[in-house]
Amino acid sequence: MAERTDTGGAGSDWPVLGRDTEAGYGERTLTGPDGPGLIVTGEPGVGKTRLADLLLDRCADRGLLVLRGAAADATRHIPGVGVAGLRRHDAPDWLSPGGRLRDELPHDRPVVVGIDDADHLDDASAAILAGLRAVADVRLLLTAGRVTGLPAALTDRPLPRLELPSLGRAVTSELLDRVLGPVDGRTADLLWRATRGNPRLLRRMLDIGLETGGLTRSHGVWSWRGRLGDEPRVRDLASTDLGTFDGPDLTALRYVALAGRLPERILVDLVGADAVAAVAGRGAVVPSGAVAVEPGARPRTVTMAHPLYRQLALAGLGQLRRRQMYRDLVRAAGRAGTRGVDIASAVWWRLEADLPRSGIGPGIAAVRALAAGDPVLAEDLAHHVPGPRGVGLRAQALMAQGRATETERLLGAVDRDAELAALRSLNLFWGLSRPADAHAEVLRARVAAGTAAGPAGDDLEIAELAVSLFTRGATRAAAGPGDRPRPASDAGPAPAAGRSSALNPLVADAATTMNAYLLTFRGQPALAADRFADGGLALPARWPAMRGSAAACHVQALVLAGRLAEATRLADRYYAEAVRRGQPVEVAVVGHARGLCAMWAGRPTDALPALREARALVDEHTPFPVRVFVSCEYAVCVATLGRPDEAYRELDRGLAGIPDDLGLRDRVEFSQIRALAHSGRLAYAADLADRLADRYLDAARLTTAVECAYFQVRLRPSTRGAARLRAAARQCDSPLFDLFADHAEALAAADAPALCEVADGFAGRGYLGLAYEAAAAVTGGGRAGRDAERRLADLARRSAGPYPPWAGGPAADPLTPREREVCELAASGLTNAAIAQALNISVRTVTNLLERAYHKLGIHRRRQLPAALSRSLIPVIRE
């Protein structure tokens, strides 16, 4: 349910953040031995008054006399009114005597006179203030929107000027966290770009979001749902802000809005360098690329800071004026040379300028726009392409923008060949979470196409794989054009990764992601990581859901290959890039990968913020597999942190929405097993994990089989479990899996030196939680015991915990394994007779075991068992 909060209203003070440099400079300037004073300038709402108040408070704390006042546009023509309202900080009832102010000033200490909005000061007051500097040590602190608006009396002796910029992305994010609480990275970036880091606009945007429900909280994280420009009040606010631009500045914005991305030198040619500097300085456009054009360097370009500003800059621009401006762009590009102008944009400019076609047509231009990651331009160009090809290009552009419902409306209404059918199937499964319909579309297209081979058949092959990869049973591993199905354990990647040129571009994106999944989860994570590194697999450029999924798969491949530090750095980089692109699905899945790294590092407390953010961004529009992966890891994390009931509810909701034939149900089941174990139901979890590991092995899902078998043997060490894990690990290419098998064998044999060696192996790779488990399993004294104790102390310092119930350590189990097993069965509802039959022991033995467990747990009745079992193994978080 959405929650509401209060941003404080217009009269409430927000914290002053990100102004340390400016505040330090201002304090030194005002309090120095010969401090001349200071003018603070900047656009409206940037925080000039807040900074001035902070500086005046600091001056007062250092013993200077402080007088405060403010001017107003309405009184700028009333002589003397600007100084008549001055007040002393140490005497609130004292009022300035106006023209006789100089008679009231002390001569034994400096005086700081602060005037807000000094560019609205009347000339008489300005003359009085200027005269004060001749009779006493008076330092003026003035705020002004622009220096040119100050009265002449205040500029005769120039004061140092401090231009206050808007807040940067990181500071805006910190401010949002302080005002609201946790905010997802995409929303923070969205609000920063929409307000250009202007605190006043940010406050108003938050008020609008809270009042209209656009800004809501889910799982403790605030998110802006939907598109910012869909809310009329947001458009009105942005329009008012845009109204502060005029003349060449507004013209510059309109050229950038028309072009989408424009080389800076072309914009300078059109409007002049001053206008370009002005709009860039106010954050309305964002420059990127090289400052100077060097051989091989991409020229510097500018784009609109936010799509909303692009939309508003073009509002009211008539068709004739728009056509003329496009012609201006074409001519300026001709004068400056086309370097930096992508061909797709050049084609679009000529189309909109109503000029004769020159060079490639709109169809090829649309394909290039998609390849360059500009689906909006691709959609515009596709409208100029007739027939099924135009429909296909529009569908791809819509899918790349995450507009799945519009894509289905378009494709569902036309006759579809194999290529369009493949697009529709992918959109149905990954965009609309309709796996049955996606499978039916592939079957229909295969019947219609017969057995004909070629690129269209290759498209269908990928679409079929995208569904079958997450379906129970044998998965078709023919992930590329022209290849027959083959086992995932065969050497080499699935072939589509390197032969996707014949595929539809968005299908090629899907092929990359599916191949990454096949390698990673069929026992070859090390090969998957290497293929990403050598370019054999590359992140999709066009489809955010596939790009995010491939990025997350790359991170997970590194994690499962034993390269956790590298995975963590990469996840942070991918996350920052996803936030800047602003697609919720991409931010969610890559954010989930960040949390996954922290979980494998044994830091669930650090993982929770990232996983909670990912969970908050997931909704009904999120692709089915992504939704399941995010939900599962979030649930395991909260279970690890001692919140099993929340974990069970999360997993139950996820399971209810997954069809029975999807293999994603197994992923949820494994997460349930992990949650059960973390809540203390070790025996039950071990039994379930034992069966699930065999099922994974039967389906040749080697990676998840290794994970599950390893988890089972950690809960219940045995020679059989260790042998099964070793056999599975030998079929995979990960050195980490070999270390898993070493750990399992050392546990089964209670081999203390081997456990210490395993602990060192995990610690060296950064898997500190697993290292702690291995060291904690060492029992007895002697040298091995002392070595283990030293390791545990070191690992406790390096990791934050909490430690799992089966790891011993600070939360050792008070029950014996047999007592816990009997108690778990009793807590699940079985009678003593049923428990005796299940364990092949006598009813009297069951009764005695329960009595001893009741005494250890401090309970007296059977119905108290569930809570007591969980409570007895609540992990301890080390400080």
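Residues numbered from 1 in each chain as written. Predicted model: local features only at pLDDT ≥ 70, side-chain atom pairs only at ≥ 80, totals over all residues. Heavy atoms only, no water.

Asks: Explain the overall build of the chain here, please?
Replies: Within the chain one finds 42 helices and 11 strands. Buried residues in the chain amount to 55% of all 879 residues. Intrachain contacts of the chain at a sequence separation of at least 6 include 67% that bridge at least 24 residues. Total accessible area on the chain stands at roughly 36,100 Å², and carbon and sulfur atoms take up 51% of it. (Helix = DSSP H or I, 4+ residues; strand = E, 2+ residues; numbered from the N terminus. Buried < 20%, exposed > 50% of the residue type's maximum accessible area, 1.4 Å probe, protein only. Contact = heavy atoms within 4.5 Å. Areas by Shrake-Rupley, 256 points an atom, 1.4 Å probe, with all protein chains shown as cover.)

Asks: Before we go on, may I ask you to explain the packing of helix H32 (residues 682-698) against helix H34 (residues 719-730) in this structure?
Replies: In a pair of packed helices, the angle between the axes and the distance between the axes together describe the arrangement. Across the interface, H32 lies against H34 with an axial gap of 12 Å and an inter-helix angle of 25 degrees. Between H32 and H34, the angle is such that the two are roughly parallel. Considering the relative orientation of H32 and H34, their crossing is left-handed. Of the residues in H34, those in contact with Asp690, Ala693, Asp694 and Leu697 of H32 are Arg720, Arg724 and Ala728. A class-by-class count of the residues in the contact of H32 with H34 yields three nonpolar, no polar and four charged. (Axes fitted to C-alpha atoms, helices over the stretch in contact; angles between N-to-C directions. Parallel < 35°, antiparallel > 145°, perpendicular 65-115°, else oblique. Left-handed = near helix turned anticlockwise from the far one by under 90°. Nonpolar A, V, L, I, M, F, W, Y, C, P; charged D, E, K, R; others polar.)

Asks: How should I be thinking about the nonpolar core in this particular structure?
Replies: A general feature of soluble globular proteins is that nonpolar side chains tend to end up buried together. In terms of nonpolar packing, the biggest core is built from 224 residues, with Trp349, Trp430, Phe740 and Phe762 touching the most fellow members. Among the elements that line this core, the one with the most residues is helix H29 (residues 624-640), at 12 residues. Residues within four places of tryptophan 430 in sequence aside, it is in contact with Ala466, Phe470, Met514, Tyr517, Trp543, Met546, Ser549, Pro623, Phe624, Pro625 and Val626. Core analysis: the second largest hydrophobic core is formed by 20 residues, Ile39, Val113, Leu121 and Leu159 among them. (Core = buried A, V, L, I, M, F, W, Y, C linked by side-chain atoms within 4.5 Å.)

Asks: Any chance you could explain empty space enclosed by the protein here in plain terms?
Replies: Gaps left between atoms show up when a probe the size of a water molecule is rolled over them. Enumeration according to the criterion identifies four cavities of 30 Å³ or more in this entry. Taken together, the elements giving at least two residues each to the lining of the largest cavity come down to helix H23 (505-521), helix H25 (544-560), helix H27 (584-600), H29, helix H31 (664-678), helix H33 (702-715) and helix H37 (768-776). With six residues, H27 is the single largest residue contributor to the lining of the largest cavity. In terms of residue class, the lining of the largest cavity is built from 22 nonpolar, nine polar and six charged. By volume, the second largest cavity is sized at about 190 Å³. Around the second largest cavity sit 13 residues that line it, and Phe470, Phe521, Phe629, Arg701 and Thr704 are the ones nearest its centre. (1 Å grid on protein atoms, 1.4 Å probe; cavity = no way out; pocket = protein on both sides within 12 Å on 5 of 7 lines; lining within 4 Å. Points joined across faces, edges and corners; volume = space filled by probe spheres on them.)

Asks: What should I look at first to understand H25 in this one?
Replies: Three or four residues apart is the spacing at which side chains of an α-helix point the same way, because the helix has 3.6 residues per turn. Between the first and last C-alpha of H25 there are 24 Å, a value that for 17 residues agrees with the 24 Å anticipated at 1.5 Å per step. Summarising burial for H25: 17 of the 17 residues are buried, a large majority. (Expected span 1.5 Å × (residues − 1).)

Asks: What is the right way to look at the pattern of salt bridges in this model?
Replies: Per the stated rule, a full pass over the model turns up 45 salt bridges. With a shortest N-O distance of 3.4 Å, arginine 563 and aspartate 530 are connected by a salt bridge. Of the two residues, arginine 563 sits in the loop between H25 and helix H26 (564-581) while aspartate 530 sits in helix H24 (residues 525-534), which places them 33 residues apart along the sequence. Glutamate 633 is the partner of arginine 674 in a salt bridge, and the nearest nitrogen-oxygen pair spans 3.5 Å. Residue arginine 674 is found in helix H31, and its partner glutamate 633 is found in helix H29; the two are separated by 41 residues along the sequence. Salt bridges sharing partners connect three or more residues here, namely Glu408, Arg416, Arg424, Glu441 and Arg444. (Salt bridge = Lys/Arg side-chain N within 4 Å of Asp/Glu carboxyl O.)

Asks: What should I look at first to understand helix H5 (residues 123-135) in this one?
Replies: Between its first and last C-alpha atoms H5 spans 19 Å; for 13 residues at 1.5 Å apiece the expected length is 18 Å, and the two agree. When we look at burial in H5, the residues that qualify are Ser125, Ala126, Leu129, Gly131, Leu132 and Arg133.

Asks: It is not clear to me how unusual backbone geometry should be interpreted in this structure. Could you clarify?
Replies: It is generally the case that most residues other than glycine have a negative phi and that most peptide bonds are trans. In this model, aspartate 117 sits at a positive phi of 55 degrees, which is unusual for a non-glycine residue. Topologically, aspartate 117 is positioned in the loop between strand S4 (111-116) and H5. The residue aspartate 354 is not glycine, and still its phi comes out positive at about 60 degrees. According to the relative accessible area criterion, aspartate 354 is exposed, its value standing at 52%.

Asks: How should I be thinking about the packing of aromatic side chains in this particular structure?
Replies: Any pair of aromatic rings gets described here by the distance separating the centres and the angle formed by the planes. This model, assessed by the stated rule, comprises 14 aromatic pairs. Ring plane angle 85 degrees and centroid distance 6.0 Å describe the contact between phenylalanine 670 and phenylalanine 711, whose orientation is recorded as edge-to-face. Here the residue phenylalanine 670 occupies a position in helix H31, and phenylalanine 711 occupies one in helix H33, the gap between them amounting to 41 residues. Classification of phenylalanine 670 by relative accessible area gives buried; the value is 3%. With relative accessibility at 5%, the residue phenylalanine 711 sits in the buried group. Between tyrosine 710 and phenylalanine 740, the ring centres sit 4.1 Å apart and the planes meet at 5 degrees, which makes this aromatic pair stacked. Note that tyrosine 710 is positioned in helix H33 and phenylalanine 740 in helix H35 (residues 735-749), a separation of 30 residues in sequence. (Phe/Tyr/Trp six-rings, centres within 6.5 Å; stacked < 30°, edge-to-face > 60°.)

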